[in-house]
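Observations on the three-dimensional arrangement
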Amino acid sequence: MKAGATGTCDVCGKPGIVHLTELRDGTKTTRSLCLEHAPPDMREKIPFGPHRSAAEEIAFLREKMEILDQRITDPAQRKEFKADIENLIADIEAGRRLGDPE
Ligand SMILES: [Zn+2]
């Protein structure tokens with residue numbers, strides 16, 4: 001799982017977590033916002049970040065891992081995904097938070 005694949009926050013330039021596509025005067029514009037500047041109702045839906053505890057983040061990742069387990073049929077690929085998530089969990093347990101810059 002990647003926290004914000006592209007774009008930086010339109011407000012402060014930090015890595016963007018929330019990406020919104022808006023139609024303005026018939027033109028499509030994409031806005032990227034960090035957790036801090038995301039609208040509160042959107043932020044509430046994000047299962048990781050400073051507003052979540054480490055335990056909540058880990059629970060979310062374990063849930064994700066179970067979903068992947070059921071969806072990915074290639075055992076090698078599944079192993080790779082699970083290893084990635086295990087690494088993230090280890091990072092969180094070590095004090096790093098999802099969405100932190102590397
Ligand atoms: Zn920001």
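The sections below set out a description of the structure shown in this document. Predicted, not measured: the structure shown is a model, and the values here were computed from it. (Residues numbered from 1 in each chain as written. Predicted model: local features only at pLDDT ≥ 70, side-chain atom pairs only at ≥ 80, totals over all residues.)

Digging into the overall build of the chain
- When helices and strands are counted, the chain shows three helices and two strands.
- Order of helices (α) and strands (β) in the chain, N terminus to C terminus: β-β-α-α-α.
- Counting every position in the chain, which comprises 102 residues, the buried fraction comes to 14%.
- Of all intrachain contacts in the chain linking residues separated by at least 6 positions in sequence, the fraction that spans at least 24 positions is 36%. (Helix = DSSP H or I, 4+ residues; strand = E, 2+ residues; numbered from the N terminus. Buried ≥ 20, exposed ≤ 12 C-beta atoms within 10 Å, placed from the backbone. Contact = placed C-beta atoms within 7 Å.)

Comments concerning the environment of T8
- Summarising the element assignment, T8 is placed in the segment before β1 (18–24).
- The spatial distance from the C-alpha of T8 to the C-alpha of R31 is 8.9 Å, given a sequence separation of 23 residues.
- Dropping the residues within four chain positions of it, T8 is found in contact with G13, K14, P15, G16 and S32.

Some remarks on the pairing of β1
- Counting buried residues in β1 gives zero out of seven residues, a small share hidden from the surface.
- Of the strand pairs in this sheet, β1 and strand β2 (residues 27–33) are connected by seven bridges, and their pairing is antiparallel. Within β2, the position partnered with E22 by the bridge is T29.
- In this antiparallel pair of consecutive strands, β1 and β2, the connection spans two residues, and D25 shows a positive phi of 50 degrees. (Pairing = 2+ DSSP bridges.)

Some thoughts on the nonpolar core
- Ranked by size, the top nonpolar core spans six residues in total: C9, I17, L33, C34, L35 and A38.
- For C34, the contacting residues outside a window of four places in its chain are C9, C12, K14, P15, G16 and I17. (Core = buried A, V, L, I, M, F, W, Y, C linked by C-beta atoms within 7 Å.)

As for helix α3 (residues 75–93)
- End to end, α3 covers 26 Å across 19 residues, agreeing with the expected 27 Å (1.5 Å per residue, within 8%).
- Among the residues trailing α3, G95 stands out with phi positive, at a value near 110 degrees. (Expected span 1.5 Å × (residues − 1).)

Side note on the environment of F48
- On the secondary structure map, F48 appears in the loop between α1 (40–43) and α2 (54–71).
- The spatial distance from the C-alpha of F48 to the C-alpha of L35 is 9.4 Å, given a sequence separation of 13 residues.

Comments concerning the packing of α2 against α3
- Between α2 and α3, the shortest axis-to-axis distance is 10 Å and the interhelical angle comes to 175 degrees. As far as their axial angle goes, α3 and α2 are roughly antiparallel. Contact with α2, carried on its side by A54, E57, I58, L61, K64, M65, L68 and D69, involves R78, F81, K82, I85, L88, I89 and I92 of α3 and no other residues of that element.
- In terms of residue class, the contact of α2 with α3 is built from 10 nonpolar, no polar and five charged. (Axes fitted to C-alpha atoms, helices over the stretch in contact; angles between N-to-C directions. Parallel < 35°, antiparallel > 145°, perpendicular 65-115°, else oblique. Nonpolar A, V, L, I, M, F, W, Y, C, P; charged D, E, K, R; others polar.)

Shape descriptors only; they carry no functional weight alone.
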